[in-house]
Amino acid sequence: MKSEKFQSNLMQLQGNLLNFAYMLTSNRDDAYDLLQDTTLKALDNEDKYAENTNFKGWVFTIMRNIFINNYRRGQRAATVVDTTDNLYHLNLSQDSGLEAPEESFHAAEITSVIDSFPDEYRIPFSMHVAGYKYNEIAEHMHLPLGTVKSRIFFARKKLQERFSDYR
């Protein structure tokens, strides 16, 4: 296919390609990025297009493959491989704030609010945050399991109320 005809056919498909990209990504900006990547890849690989084959199908296949590759790349980048002896990093919550230095100030503020709780709420909540299980806390404090769970729940609610403006 001659270059001018190839480019003309590709430009005629831009609307259809954009719709397909939006269907794949569900995001307007990502759809435009995918359309641009597809257009560039099709132009770069013009010499690989075989004449008398379905041009539209060829270009849509390029778009689908780019989307799949980007998705897989994103999944691999999000995978965490924990090589610590006790799997410390896997046991951290995903939003623990360890990655962001600005979160350390908030952690100190949260700690001061927890320290202001009465002992009946502070101790079970702190033990729970430290990783103790409900039944271990109940045994340590000589309380029924339900009481421990409700005190932790109420402490969590107090924290949420105190920091509701941070959301």
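Scroll up to find the structure this text is about.
Residues numbered from 1 in each chain as written. Predicted model: local features only at pLDDT ≥ 70, side-chain atom pairs only at ≥ 80, totals over all residues. Heavy atoms only, no water.

Colleague: Go over the overall build of the protein, please, and point to the residues and values.
Modeller: Looking only at helices and strands, one finds 8 helices and 0 strands in the protein. In the protein, the succession of α and β elements from N to C terminus is α-α-α-α-α-α-α-α. For the protein, the residues scored as buried account for 25% of the 167 residues in total. Restricting the contact set of the protein to residue pairs at least 6 apart, pairs at least 24 apart contribute 60%. With the model as given, the accessible surface of the protein reaches about 12,100 Å², and the carbon-plus-sulfur share is 51%. (Helix = DSSP H or I, 4+ residues; strand = E, 2+ residues; numbered from the N terminus. Buried < 20%, exposed > 50% of the residue type's maximum accessible area, 1.4 Å probe, protein only. Contact = heavy atoms within 4.5 Å. Areas by Shrake-Rupley, 256 points an atom, 1.4 Å probe, with all protein chains shown as cover.)

Colleague: Summarise the nonpolar core; cite the residues concerned and give the values.
Modeller: Ranked by size, the top nonpolar core spans 17 residues in total, and within it Phe6, Leu10, Leu17, Phe55, Val59 and Met63 carry the most contacts. Listed by contribution, the elements that provide at least two residues to this core are helix H1 (3-12), helix H2 (14-25), helix H3 (28-44) and helix H4 (55-78). No other element matches the 6 residues that H4 contributes to this core. Not counting chain neighbours up to four residues away, the residues in contact with Val59 comprise Leu10, Leu13, Leu17 and Thr38. Membership of the second largest hydrophobic core comes to 13 residues, among which are Ile114, Tyr121, Ala138 and Leu159. (Core = buried A, V, L, I, M, F, W, Y, C linked by side-chain atoms within 4.5 Å.)

Colleague: Describe the environment of Ile110, naming the residues involved and giving the relevant values.
Modeller: Note on placement: Ile110 falls in helix H5 (residues 103-115). By relative accessible area, Ile110 is classed as partly exposed at 32%.

Colleague: Before we move on, can you summarise the packing of H2 against H3 with the specific residues and values?
Modeller: Running from N to C, H2 and H3 point in directions that differ by 130°, and their axes come no closer than 8 Å. Classified by the angle between their axes, H2 and H3 sit oblique to one another. In this structure, H2 meets H3 at a crossing whose hand is right-handed. Across the interface between the two elements, Gln14, Leu17, Leu18, Ala21, Tyr22, Leu24 and Thr25 from H2 touch Arg28, Asp30, Ala31, Tyr32, Leu34, Leu35 and Thr39 from H3. For the contact of H2 with H3, a count of residues per class yields 9 nonpolar, 3 polar and 2 charged. (Axes fitted to C-alpha atoms, helices over the stretch in contact; angles between N-to-C directions. Parallel < 35°, antiparallel > 145°, perpendicular 65-115°, else oblique. Left-handed = near helix turned anticlockwise from the far one by under 90°. Nonpolar A, V, L, I, M, F, W, Y, C, P; charged D, E, K, R; others polar.)

Colleague: Describe unusual backbone geometry, and please don't skip the residues or the numbers.
Modeller: For Ser26, which is not a glycine, the phi torsion comes out positive at approximately 60°. Mapped onto the elements, Ser26 comes out in the loop between H2 and H3.

Colleague: With reference to specific residues and values, describe H1.
Modeller: The set of residues buried in H1 consists of Phe6, Asn9 and Leu10. One side of H1 carries all its buried residues, which in axial view fall inside an arc of 100°. What points out from H1, more than 90 degrees from its buried face, is the exposed set Glu4, Lys5 and Gln12. (Arc of directions from axis to C-beta.)

Colleague: How would you explain H3 if you had to name every residue and give the values?
Modeller: Counted at 1.5 Å a residue, the expected span for H3 with its 17 residues is 24 Å, and the 24 Å between its end C-alpha atoms agrees. Packed against the buried residues of H3 are H1, H2 and H4. Regarding H3, its N-cap is Asn27, as a side-chain oxygen of that residue lies 2.9 Å from the backbone nitrogen of Asp29 further along. (Expected span 1.5 Å × (residues − 1). Polar contact = N/O pair within 3.5 Å; in protein donor to acceptor, adjacent residues only side chain to side chain.)

Colleague: Hey, could you go over the packing of aromatic side chains for me, with residue numbers and the actual values?
Modeller: Think of a pair of aromatic rings as described by two things: how far the centres are apart, and how the planes are tilted against each other in angle. All told, the structure shown has 8 aromatic pairs when counted by the stated rule. Centre to centre, the rings of Phe153 and Phe154 are 5.6 Å apart; their planes meet at 65°, and the pair counts as edge-to-face. Phe153 sits in the partly exposed class, given a relative accessible area of 42%. Its relative accessible area of 41% is what places Phe154 among the partly exposed residues. Cation over ring: Lys158 sits above Tyr121, and NZ or CZ is 4.2 Å from the ring centre. (Phe/Tyr/Trp six-rings, centres within 6.5 Å; stacked < 30°, edge-to-face > 60°. Lys NZ or Arg CZ within 6 Å of the ring centre and 35° of its normal.)

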